[in-house]
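Geometric and topological summary
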Amino acid sequence: MSADFDVVIPARLGSTRLPGKVLADIGGRPLIAHVYDRAVEAGARSVVIAADNERVVEACRAFGADVQLTSPMHHSGTDRVHEVATARGWKDDRCIVNLQGDEPMMPPEVVAACASKLVEDPEAAISTCAHALSDPEAFANPNVVKVVCDARDRALYFSRARIPFPRDADGADCPESALRHIGVYGYRVAALRRFASLRPGILEALEALEQLRALEQGMPIAVARVVAAPGRGVDTEADLESVRALLAGD
């Protein structure tokens, strides 16, 4: 795995759906510690946790993480990542992967693939990942984000809708070309700075997908196709219990 990238993990204590989840106990350690482990296992040059609260800072320091307190006023994890890059004076061409702080089951190879895709495609501003989607129910589920790519594996569009839509099918099929988007992102610092300065666009507002802001502004997004599907993220109490059971079985 390449080490030519850094990982920044936004960790917000005041989550709307499950407050305090980044500090939730999983096997005697806070959830954020397991996310940190995945980033380290991906082979990153450095891993920084971007916290919004002193309690998170203290918890992260307790397990030896590099952690930075960031503004509690940020609207997104991307803004938090940008604050870290700015504070540390990282150069424009430095590659950063934004790994969400509620993804303790994210395969390390997905994080590494996201970084490698950005390095391999020097004209891309951003990178992300996707895997083949074959389940018709997931294809129809608006909570499962889909992506359509061009011949160079650059994103054409992301949507909660069924894309590409199988016009001649009966509506229940999932086309072979369907891809499920994985919400991990790589940025060069210059692109991260530009993205953080942009206002949300019409498409982003309609679909509630932040990455559409980049596409609306002509920022190329390279998509790494991976085999490993992401593990379960933690948005609800049920997710938390499921992850506890899964990690207990390791």
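Above: the structure in question.
Notes on the structure follow. Remember, predicted model here, so these are calculated numbers, not experimental data. (Residues numbered from 1 in each chain as written. Predicted model: local features only at pLDDT ≥ 70, side-chain atom pairs only at ≥ 80, totals over all residues. Heavy atoms only, no water.)

**Here we look at the pairing of strand β10 (residues 179–188)**
- Among the 10 residues of β10, eight are classified as buried, and the element is accordingly described as predominantly covered.
- Bridge count for strand β6 (residues 95–98) against β10 is four bridges, and the pairing is antiparallel. Among the inter-strand pairings, Val97 is bridged to a residue of β10, identified as Gly186.
- Across seven bridges, strand β7 (residues 126–132) lies against β10 in antiparallel orientation. The residue of β10 that forms the bridge with Ile126 is Tyr187. (Buried < 20%, exposed > 50% of the residue type's maximum accessible area, 1.4 Å probe, protein only. Helix = DSSP H or I, 4+ residues; strand = E, 2+ residues; numbered from the N terminus. Pairing = 2+ DSSP bridges.)

**Notes on helix α2 (residues 54–62)**
- All of the buried residues in α2 are Val56, Val57, Ala59 and Cys60. What you see down the axis of α2 is that its buried residues fit within an arc of 165°, all on one side. Opposite the buried face of α2, by more than 90 degrees, sit the exposed residues Arg55, Glu58, Arg61 and Ala62.
- Buried residues in α2 make contact with β1 (6–11), α1 (31–41), β4 (46–51) and β5 (66–69). (Arc of directions from axis to C-beta. Contact = heavy atoms within 4.5 Å.)

**Section: the layout of surface pockets**
- Its boundaries defined by the atoms lining it, the largest pocket holds a volume of some 1700 Å³.
- As for the largest pocket, its lining consists of 45 residues, of which Gln100, Asp102, Glu103, Gly183 and Asp235 are closest to the centre.
- Those elements that provide at least two residues to the lining of the largest pocket are β1, α3 (77–87) and β10.
- Broken down by element, the lining of the largest pocket gets its largest block of residues, five residues, from β10.
- Looking at the lining of the largest pocket residue by residue, the classes come out as 13 nonpolar, 19 polar and 13 charged. (1 Å grid on protein atoms, 1.4 Å probe; cavity = no way out; pocket = protein on both sides within 12 Å on 5 of 7 lines; lining within 4 Å. Points joined across faces, edges and corners; volume = space filled by probe spheres on them. Nonpolar A, V, L, I, M, F, W, Y, C, P; charged D, E, K, R; others polar.)

**With respect to the pattern of salt bridges**
- Enumeration according to the criterion identifies 15 salt bridges in this entry.
- Glu41 is the partner of Arg38 in a salt bridge, and the nearest nitrogen-oxygen pair spans 3.0 Å. Here Arg38 and its partner Glu41 are both found in helix α1, three residues apart, which amounts to about one turn of the helix.
- Arg38 sits in the buried class, given a relative accessible area of 13%.
- By relative accessible area, which is 42% here, Glu41 ends up partly exposed.
- Between Arg213 and Glu210 there is a salt bridge, and its shortest N-O distance comes to 3.8 Å.
- For Arg213, a relative accessible area of 9% gives the class buried.
- Assessed through its relative accessible area of 21%, Glu210 is described here as partly exposed.
- Through salt bridges with shared partners, a single ionic network connects Asp6, Arg45 and Arg94. (Salt bridge = Lys/Arg side-chain N within 4 Å of Asp/Glu carboxyl O.)

**Observations regarding helix α9 (residues 237–248)**
- Counted at 1.5 Å a residue, the expected span for α9 with its 12 residues is 16 Å, and the 16 Å between its end C-alpha atoms agrees.
- Every buried residue of α9 is accounted for by Asp239, Leu240, Val243 and Leu247. What you see down the axis of α9 is that its buried residues fit within an arc of 100°, all on one side. For α9, the exposed residues set more than 90 degrees away from the buried face come down to Ala245 and Ala248.
- If you follow the buried residues of α9, they end up packed against β2 (25–26) and α1. (Expected span 1.5 Å × (residues − 1).)

**Quick notes on unusual backbone geometry**
- Here Ile163 and Pro164 are connected by a cis peptide whose omega angle stands at -10°.
- Mapped onto the elements of the fold, Pro164 is located in the loop between β9 (155–159) and β10.
- Positive phi values are uncommon outside glycine, yet Asp153 reaches one of about 60°.
- By the secondary structure assignment, Asp153 is in the loop between β8 (146–149) and β9.
- Residue classification places Asp153 among the buried positions, given a relative accessible area of 19%.
- In this structure, Ala208 takes a positive phi of about 55° despite not being glycine.
- Relative to the assigned elements, Ala208 resides in the loop between α7 (202–207) and α8 (211–216).
- Under the relative-accessibility criterion, Ala208 is labelled exposed at 54%.

**Points about the nonpolar core**
- Phe5, Val7, Ile9 and Ile49 are the most contacted members of the largest nonpolar core, which totals 44 residues.
- Among all residues touching Ile9, those that are not within four sequence positions of it are Ile32, Val35, Tyr36, Ala39, Val47, Val48, Ile49, Ala50, Leu99, Gln100 and Gly101.
- Grouped together as the second largest cluster of nonpolar side chains are 31 residues, Val8, Ile96, Val147 and Ala155 included. (Core = buried A, V, L, I, M, F, W, Y, C linked by side-chain atoms within 4.5 Å.)

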